[in-house]
Amino acid sequence: MGRGKLRIYLGAAPGVGKTYAMLSEAHRRVERGTDCVVAFVEHHGRPRTEVMLHGLEQVPRAELTHRGGTFTEMDVDAVLRRAPAVALVDELAHTNVPGSRNDKRWQDVEHLLAAGIDVVSTVNIQHLESLGDVVESITGVRQRETVPDEIVRRADQIELVDMSPEALRRRMAHGNIYQPDKVDAALSNYFRPGNLTALRELALLWVADRVDEYLKRYRSEHQVSRIWGSRERIVVGLTGGPEGRTLIRRAVRLAEKGAGGEVMAVYVARSDGLTSASPKELALQRTLVEDLGGTFHHVVGDDIPAALLDFARGVNATQIVLGSSRRKTWQYVFGPGVGATVARESGPDLDVHIVTHGQIAKGRGLPVARGARLGRARIVSGWVIAVAGPVLLGLLLNTVDLGLANDMLLFLALTVAAALLGGLLPALGSAAVGSFLLNYYYTPPLHRLTIADPKNIVAIAIFVGVAVSVASVVDLAARRTHQAARLRAEAEILSFLAGSVLRGDTSLEALLERVRETFAMDAVALLERQSDVDPWTCAGRAGADRPLQRPEDADVDMPVGDHMALALTGRVLPASDRRVLAAFAAQAAVVLDRRRLQEEADRSRALAEGNRIRTALLAAVSHDLRTPLAGIKAAVSSLRSEDVEWSEEDRAELLGGIEEGADRLDHLVGNLLDMSRLQTGTVTPLIREIDLDEVVPMALGGVPEDSVHLDVPETLPMVAVDAGLLERAMANIVENAVKYSPARAQVLVSASAIAERVEVRVVDRGPGVPDEAKERIFEPFQRHGDAPRGAGVGLGLAVARGFAEAMGGTLGAEDTPGGGLTMVLTVRAAGPRPGPDGPEPDRRPEPDGLEPDRRPEPDDPDPDAPALDDPDPDRRPGGARRSPVHTERQAS
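Parameters at a glance
Residues numbered from 1 in each chain as written. Predicted model: local features only at pLDDT ≥ 70, side-chain atom pairs only at ≥ 80, totals over all residues. Heavy atoms only, no water. Patch = residues over 30% accessible without salt bridge, like charges linked within 9 Å, V, L, I, M, F, W, Y side chains within 5 Å. Areas by Shrake-Rupley, 256 points an atom, 1.4 Å probe, with all protein chains shown as cover. Salt bridge = Lys/Arg side-chain N within 4 Å of Asp/Glu carboxyl O. Helix = DSSP H or I, 4+ residues; strand = E, 2+ residues; numbered from the N terminus. Buried < 20%, exposed > 50% of the residue type's maximum accessible area, 1.4 Å probe, protein only. Contact = heavy atoms within 4.5 Å. Phe/Tyr/Trp six-rings, centres within 6.5 Å; stacked < 30°, edge-to-face > 60°. Lys NZ or Arg CZ within 6 Å of the ring centre and 35° of its normal. Polar contact = N/O pair within 3.5 Å; in protein donor to acceptor, adjacent residues only side chain to side chain. Pairing = 2+ DSSP bridges. Axes fitted to C-alpha atoms, helices over the stretch in contact; angles between N-to-C directions.

### So, a nonpolar patch on the surface
Item 1. Where nonpolar side chains cluster on the molecular surface, the patch consists of Ile-379, Trp-383, Val-387, Leu-425 and Leu-428 and spans about 420 Å² of accessible area.
Item 2. Mapped by element, the contributors of at least two residues to the nonpolar patch are helix 15 (376–397) and helix 17 (424–442).
Item 3. If you tally residues by element for the nonpolar patch, the top one is helix 15, at three residues.
Item 4. Overall, the relative accessible area of 46% leaves Val-387 in the partly exposed class.

Rendered as C-alpha cells:
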C-alpha cells in the first residue's frame, strides 16, 4: 500500500471557514462513494459548522486524564483499525495532551499517511514555524503551537481559504465565530483590520510561493525553460531619447509582476562625449518614473556600459532594461553598441532586456566621431592608417607612375585621413613615414635619402607642414568637442540639481547621496564649525558608516564659505570635476540653510499656536469661568439674604449648587493649567513602574456610581508611566465617555497586553464620532457636534492626549462595534509581573485577543489551560467551561 495523500486548507486567521470547507469537501467525497470519516473535528459551538458534521461517520475520540482533568484527543489507533480511504483531521498544529501516542497532531497525521490513508486537514498561517517572528511583529502575539513548514510544504494539495478582513469582522460581529461576550475584545485586539490585512497578505504570498514551487517542479520535469517574476529591482538605462518613456513603462510592468518590485531609471553622461540627449525629454522621463513609484539617477562615466553595470551591481539590481539601438546599420562599424556590450558583460546575476520601440534605426542625432573626443579605438585606427597606409600606398604607386606631385597629394590625403581619425600623433607619424617613402622611392636620386632638386625639398617641407597643420586642427576640434560635451553634461546635472532643490523635494541626505552617486565616491559628508578654533561637526552624510571628522581626513574637500566644507572619500577627483563639485557644495549649504529656516518656521508656528491657545484661554476665562462663578455668587447671596426664610431643603439645594459650581471651576481650572503646561513644554513626567489596576480605579472618582464597568486583569504586566499624569488622562477620557453615553448604559474600561505595550480601552455606546472628526476632537477648544456651551471648553481630550504623549504613549479614537466611540490609550509595558518564584510567564493575548490558548504539555503547570488553536478561550476539554481569570469591578 502506498503513502496517503495530504490535503490542507490554509487560512489567514480563525473564522475564515477552513473547517467548513473541509467538511464540505467530505460531503462531496461521500456523495461520490468515497469511504470518508471524521477522525477529529472541533466545531467550537458554531451552529453552521456543527450542522456540517451531520451525515458523516465520526471515529470515537480517546479520553485522557491529566492532572485531574479529562481531555479528548484523536484516537489514532481507532482510525488505523477503521482504515478509511479519507480521514478528516482538524487543527494540524495542535499539541496533544500528555499521554497521547504523539506529542503533536501533525505526527498523528504522519502515521495515517504512512498507513495509506488520505488526510484532509486545516491550519492557520500563523502556526507555520518559520513565520512565528513575523506574526509576532504583526499581532504582538507569539504562537506557542506551530507545525514545521516542511510538513505543510510536502502536502499534495494546499487550498487557501480566503476572506476579506471586513467580511471576517462582520462574521465576528454577528456572533458566527465567538460568543457575543467575547466579540468586542476580539475585534479590538487580534481581529483588527490592520492585523487581518497583514496576515491575509502573508497567507497569499506563502501560497503564491508554493505555486511557484509546483510550477518549477513541473517545468524541470518536462525540461521547460523558465522565466520567473519575483521581487525584482530593475534598472532602466536611458539615453535621453524619446524611447525612454517606453522603457520606463515596460520596466514598471516587469516590476509589478513580483512583490515589492523597484524601478530605478539611470542616465549615464559620459565625459568623453554625449549623444543628442534632450534635457526636456530627460525631465519628462524623470517625472514619469517618479510618478510611477520609481527613482531617477544621473551618473557620469567614461565607459557607458561599464558605468551602467557598476550602478546596477551597486544597487543589487536583478534586471536591466535597455532599448534597441537607434543607430543606423553603417554605424555598427564603430562597435556592437551599449546594449550588446551590457548583455555580454552582465554575467549570470543580471538579466538584460532589450526592448523594441518606434525609434529603432532612425539615427542618434550626431555621429559618434563628431560628438566625442578621440577614443582609444580611433587612436589605434589612426596609428594603423598612419603606419600601414603609406606602405600600402607606396606598393600601389610602384605599379603606376603618376608623377611626384600626384604622389605627394596621395600621401597628403592619407595623412589627413590619419589626422581626422587618430589626431595629432598618428598624423605626425603618417607624415614622417610618408616623407621617408617620398624621399626614398619617388624623389631623385631614387633609393637614397638625399634630394638633388631643391624644389623637391620645398615640396616635402610643405607636405609635412600641411600634415601637421591638419592634425593640429583635428586634435583641437576634438578637444573643444570634449569640453563642450562635458560642459553640457555638467549643465544638465546642475539643472536637474537646481530644479530639485528649488522644488524643495531634496533633503540634505538625499543631496549628499546624489553627490556620492554622481562622482562614484564611498562617503560624502557636509562638515561645519562655529569658528576657526572650534571642532568640526557633521551636518549630514551619506555612504560609509564611518563618519568623517575633519576635511583633512577626506580624499577630496570642497570649502563652502569660511566654516563649512564638503568632504568626500573614495578616490581623488580630477580638477575638471571640482567645478561641478563646487556647485554641489553650494547647493548643500543652501539645503542646510533651508532646513534650519524650516525649523525656525516650525518654532514660529509653535509660538503662534501658543498665542492662539492663550487667546482661547482668555476667552474661556471670560465666559466659562464666569458662568459657575455667577451661579455660586447667586446661591451665596440668596443664603445670606435676611428677607427670605429658607427651608432645609432649599438650603441644601443652594449648598449643592455651590458645591457643583466649585467642582466645575476646579475641573476647568485644572484643565486650563494642564493645557498651559503642555503648550509651554513644562510637563516633565516622572516615569516609574506601577500596576495599572492601582491607578485606573482612582481616576473614576468624578463619575457617577455604577456608570463604569472596570475590567483590568491583575495578570497584566506593570507599566512605565507617571501615575499622576495617567490618572488625570484617564479621568478626562472616562468623564468624556460617561458624558456622551446613553442613560443606564455603562462605560467599559478594559485593559490588555499586546507585545511590549499595554492598551486601555474606554468603550461607550454614545452617538460616536465620524472618521473625519476623530482627530479634531483631540485639538484644544474643540467640541464635536452641537455640544452645549456648558459642556466644557473642549480641553479634556486634548489634555489626555498631551499627557499620554508626554509619557511615551498614544491616545486615539476608534468606532465601537455596534455603535459608539472607543478611546484607546496605549502605554509602554515595564515587563512581566514578578511572581513569588520570579517573573511570571508571558500572558499576552492569543489570536482571539483574550486569554492565551494553551494545551498542557509535560512541563505545563496548568492542566486546565485550553488548547492553543481553540478559538473559544472559555472551553475546557470535555465541554467544561472556565470562569474568566481577570477580575471585574464596578467603578464607584
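### Examining the environment of Thr-816
Item 1. Along the polypeptide, Thr-816 turns up in the loop between strand 23 (810–815) and strand 24 (821–831).
Item 2. Take Thr-816: its relative accessible area is 4%, and that puts it in the buried class.
Item 3. Taking the C-alpha atoms as reference points, Thr-816 and Gly-766, separated by 50 residues in sequence, lie 9.2 Å from one another.
Item 4. Those residues in contact with Thr-816, other than ones at most four positions away along the chain, are Val-763, Asp-764, Arg-765, Leu-821 and Thr-822.

### Remarks on the packing of aromatic side chains
Item 1. Using the criterion set out here, one finds zero aromatic pairs in the structure.
Item 2. One residue, Arg-105, lies across the ring of Phe-40, its end atom 3.9 Å from the ring centre.
Item 3. Across the ring face of Phe-778, the terminal group of Arg-801 is positioned such that the distance to the ring centre comes to 4.0 Å.

### What to know about the side chain of Thr-95
Item 1. On the secondary structure map, Thr-95 appears in the loop between strand 6 (86–89) and helix 4 (105–114).
Item 2. A distance of 2.8 Å separates a polar atom in the side chain of Thr-95 from a polar atom in the side chain of Lys-104.

### Remarks on the sheet that holds strand 17 (residues 564–569)
Item 1. Sheet architecture is open: four strands sit in the order 15-14-17-16, paired in antiparallel fashion. Of all strands in the sheet, those with a lone pairing partner are strand 15 (537–543) and strand 16 (556–559), marking the two edges. Put simply, the sheet's adjacent strands are angled 15° from each other on average, direction ignored.
Item 2. Where strand 14 (residues 523–528) meets strand 15, six bridges bridge the pair, whose relative direction is antiparallel. Along strand 15, the bridge assignment pairs Ala-523 with Gly-543.
Item 3. In the packing of helix 19 (residues 508–518) onto the sheet, contacts are made with strand 14, strand 15 and strand 17, and the angle to strand 15 comes to roughly 55°.

### A look at the pattern of salt bridges
Opposite charge on two side chains allows them to pair when their charged atoms are near.
Item 1. Overall, the coordinates contain 27 salt bridges when judged by the stated rule.
Item 2. The shortest N-O distance in the salt bridge between Arg-82 and Asp-35 comes to 2.8 Å. Here the residue Arg-82 occupies a position in helix 3 (residues 76–82), and Asp-35 occupies one in the loop between helix 1 (18–31) and strand 2 (36–40), the gap between them amounting to 47 residues.
Item 3. On the basis of relative accessibility, which here comes to 28%, the residue Arg-82 falls in the partly exposed class.
Item 4. Relative accessible area serves as the criterion here: at 30%, Asp-35 is assigned to the partly exposed category.
Item 5. The salt bridge involving Arg-761 is made with Glu-759; its shortest N-O contact spans 3.1 Å. This pair shows no difference in class: Arg-761 is buried, exactly as Glu-759 is.
Item 6. Put simply, Arg-7, Glu-25, Arg-28, Arg-29 and Glu-159 are held in one network by salt bridges that share partners.

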